[in-house]
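Geometric and topological summary
Residues per chain are reported as follows:
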Amino acid sequence: NEDEARNRLVRLSILSCPIRAEGLQVVLQSALESCTLDTLSLINIDAKGSRAGRVVGQFLNDLENNDCRICNLELRSNPLGMEGAELVAQGLSKLRGGLKRLDLASCALGDCGGATVLSALTKDDPSSEKTKLVQELYLDDNNLGTESFKKLTRFLIEPLTVLETLSLNDNPKLFSRPDACTETSWNRVLDHWKYGIQQNRSITRLFVENTGLSELLVSNSKSQPANRCRPEHYP
């Protein structure tokens, strides 16, 4: 009826509003009861981001037994750290329906945290197909490195991946050769990345400002700016 339609919660946004984990839990549990939530946006709400990560992770896990289908998950500017990344990653694997947009920019994930989240998007089981439907992925400013780079490459070559937008700005270590890696070995790693980009024809927007890859794009692509490259222009 009309009253029920008016009471349906489709988008929940909390922006730059410090909130205790207990309060956030109450809000999310209430949203869970509506079974209609499409977008969850929690941006810059917790100076101790692992707490937010714990609550959000539990919320995502609870969705496994609920009809809610989150399509847009935005947790930008919450310092989740490794602990928060693990909890969110666990929750991602339990999502029902297709997650279209995942924004974890400026969440202090670190290399291991970034790799953990990306692993949740590339699990080898039928139920993970829903996470491979992600069309927009934002991992800017997370101090990502070699491990994240490897997981990201694997995600790009997944046959079910339909990623259209990938933003990796401000991760200076992401495409930089580690000291312990020989130039030959690193070139092999980069070849895998190039292959992943070439195989993934769905990507139309790639942002890599202030990463090692931006220098590669400058030297290998004359028709695209350094922070944006379509697969067909990648060597």
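Going by the structure above, here's the rest.
All of the points below concern the structure found in this document. What you see is a predicted model; the values in this text were computed from it and never measured. (Residues numbered from 1 in each chain as written. Predicted model: local features only at pLDDT ≥ 70, side-chain atom pairs only at ≥ 80, totals over all residues. Heavy atoms only, no water.)

1. Side note on the overall build of the protein
Under the convention used in this document: The secondary structure listing takes helices from DSSP runs of H or I that are at least 4 residues long and strands from runs of E that are at least 2 residues long, numbered from the N terminus. Three labels apply to residues, based on accessible area from a 1.4 Å probe with only protein chains included: buried if under 20% of the type maximum, exposed if over 50%, partly exposed otherwise in between. Any two residues having at least one pair of non-hydrogen atoms within 4.5 Å are treated as being in contact. Note on areas: Shrake-Rupley, 1.4 Å probe, and residue coverage restricted to the protein chains presented here.
For the protein, the count of helices and strands is 8 helices and 7 strands. The 235 residues of the protein split such that 47% are buried. Pairs at least 24 residues apart make up 81% of the contacts formed inside the protein by residues separated by at least 6 positions. When the accessible area of the protein is evaluated, it comes to approximately 11300 Å², of which 46% is carbon and sulfur surface.

2. A few points about the pattern of salt bridges
The condition is simple: Any Lys or Arg side-chain nitrogen located within 4 Å of an Asp or Glu carboxyl oxygen qualifies as a salt bridge.
If you walk through the whole model with that rule in mind, you get 6 salt bridges. Residue Arg101 is joined to Asp103 by a salt bridge in which the shortest nitrogen-to-oxygen separation is 3.8 Å. Note that Arg101 and Glu136 form a salt bridge whose closest N and O atoms lie 2.7 Å from each other. In this pair, Arg101 is assigned in strand S4 (residues 101-103) and Glu136 in strand S5 (residues 136-138), connecting sequence segments 35 residues apart. Through salt bridges with shared partners, one network takes in Arg11, Glu74, Arg76, Arg101, Asp103 and Glu136.

3. As for the sheet that holds strand S3 (residues 72-74)
The criterion, for reference: Strands are treated as partners if at least two bridges between them are detected by DSSP. Axis definition: a line fitted to C-alpha atoms, over the contacting stretch in the case of helices. Angles run 0 to 180 degrees between N-to-C directions.
The strand order S1-S2-S3-S4-S5-S6-S7 describes an open sheet built from 7 strands, whose pairing is parallel. Both outer strands of the open sheet, strand S1 (11-15) and strand S7 (205-207), are each paired with one neighbouring strand and no more. The sheet shows a mean angle of 5 degrees between the axes of neighbouring strands, taken without regard to direction. Pairing of S3 with S4, which is carried by 3 bridges, proceeds in the parallel orientation. Within S4, the position partnered with Asn72 by the bridge is Arg101.

4. Considerations on empty space enclosed by the protein
Selection criterion: Points on a 1 Å grid, built from protein atoms alone, make a cavity when a 1.4 Å probe fits but cannot get out and make a pocket when they are open with protein on both sides within 12 Å along at least 5 of 7 lines; residues with an atom within 4 Å of a point are the lining residues. Grid points are joined across faces, edges and corners, and a volume is the space filled by probe spheres set on the points.
For the coordinates displayed, the defined rule picks out 1 cavity of 30 Å³ or more. Of the volumes computed, that of the largest cavity is approximately 40 Å³. Lining the largest cavity are Gln25, Leu28, Gln29, Val55, Gln58 and Phe59. Elements with a minimum of two residues in the lining of the largest cavity: helix H2 (21-34) and helix H3 (49-62).

5. A closer look at the packing of helix H5 (residues 110-120) against helix H6 (residues 146-157)
For clarity, the threshold we go by: Any angle that falls under 35 degrees is termed roughly parallel, while one over 145 is termed roughly antiparallel, one within 65 to 115 roughly perpendicular, and all others oblique. Should the near helix be turned anticlockwise from the far one by less than a right angle, the crossing is termed left-handed; should it be turned clockwise, right-handed.
Between H5 and H6, whose axes approach to 7 Å, the crossing angle comes to 15 degrees. What the angle tells us is that H5 and H6 run roughly parallel. For the element pair H5 and H6, the recorded crossing hand is left-handed. On H6, the residues touching Gly110, Asp111, Gly114, Ala115, Leu118 and Ser119 of H5 are Thr146, Glu147, Ser148, Lys151 and Leu152.

6. Considerations on helix H4 (residues 81-92)
This is how the line gets drawn: The span expected for a helix works out to 1.5 Å for each residue beyond the first. The arc under discussion is defined with respect to the helix axis, by the directions toward the C-beta atoms.
Between its first and last C-alpha, H4 extends 16 Å over 12 residues, near the 16 Å set by a 1.5 Å rise per residue. Here H4 has its buried residues at Gly81, Gly84, Ala85, Val88, Ala89, Gly91 and Leu92. Looking straight down H4, one finds that the buried residues subtend no more than 160 degrees of arc, so they occupy a single side.

7. Notes on the side chain of Ser41
For clarity, the threshold we go by: The definition of a polar contact used here is a pair of N or O atoms within 3.5 Å, where within protein one atom must be able to donate a hydrogen and the other to accept one, and adjacent residues in sequence count solely through side-chain atom pairs.
Within the secondary structure, Ser41 is located in strand S2 (residues 39-43). Separated by 2.8 Å, the side chains of Ser41 and Glu74 make a polar contact. Excluding residues within four positions of it along the chain, Ser41 makes contact with Arg11, Leu12, Ser13, Ile14, Leu15 and Glu74.

8. Details of H5
Of all the positions in H5, only Gly110, Gly113, Gly114, Ala115, Val117, Leu118 and Ala120 are classed as buried. Along its buried surface, H5 packs onto H4, S4, S5 and H6.

9. Here we look at the nonpolar core
Stated precisely, the cut-off is as follows: In this text, buried Ala, Val, Leu, Ile, Met, Phe, Trp, Tyr and Cys residues form a nonpolar core when linked through side-chain atoms within 4.5 Å.
Grouped together as the largest cluster of nonpolar side chains are 58 residues, with contacts concentrated most on Leu92, Leu137 and Trp193. Those elements giving two or more residues to this core turn out to be S1, H2, S2, H3, H4, H5, H6 and helix H7 (183-199).

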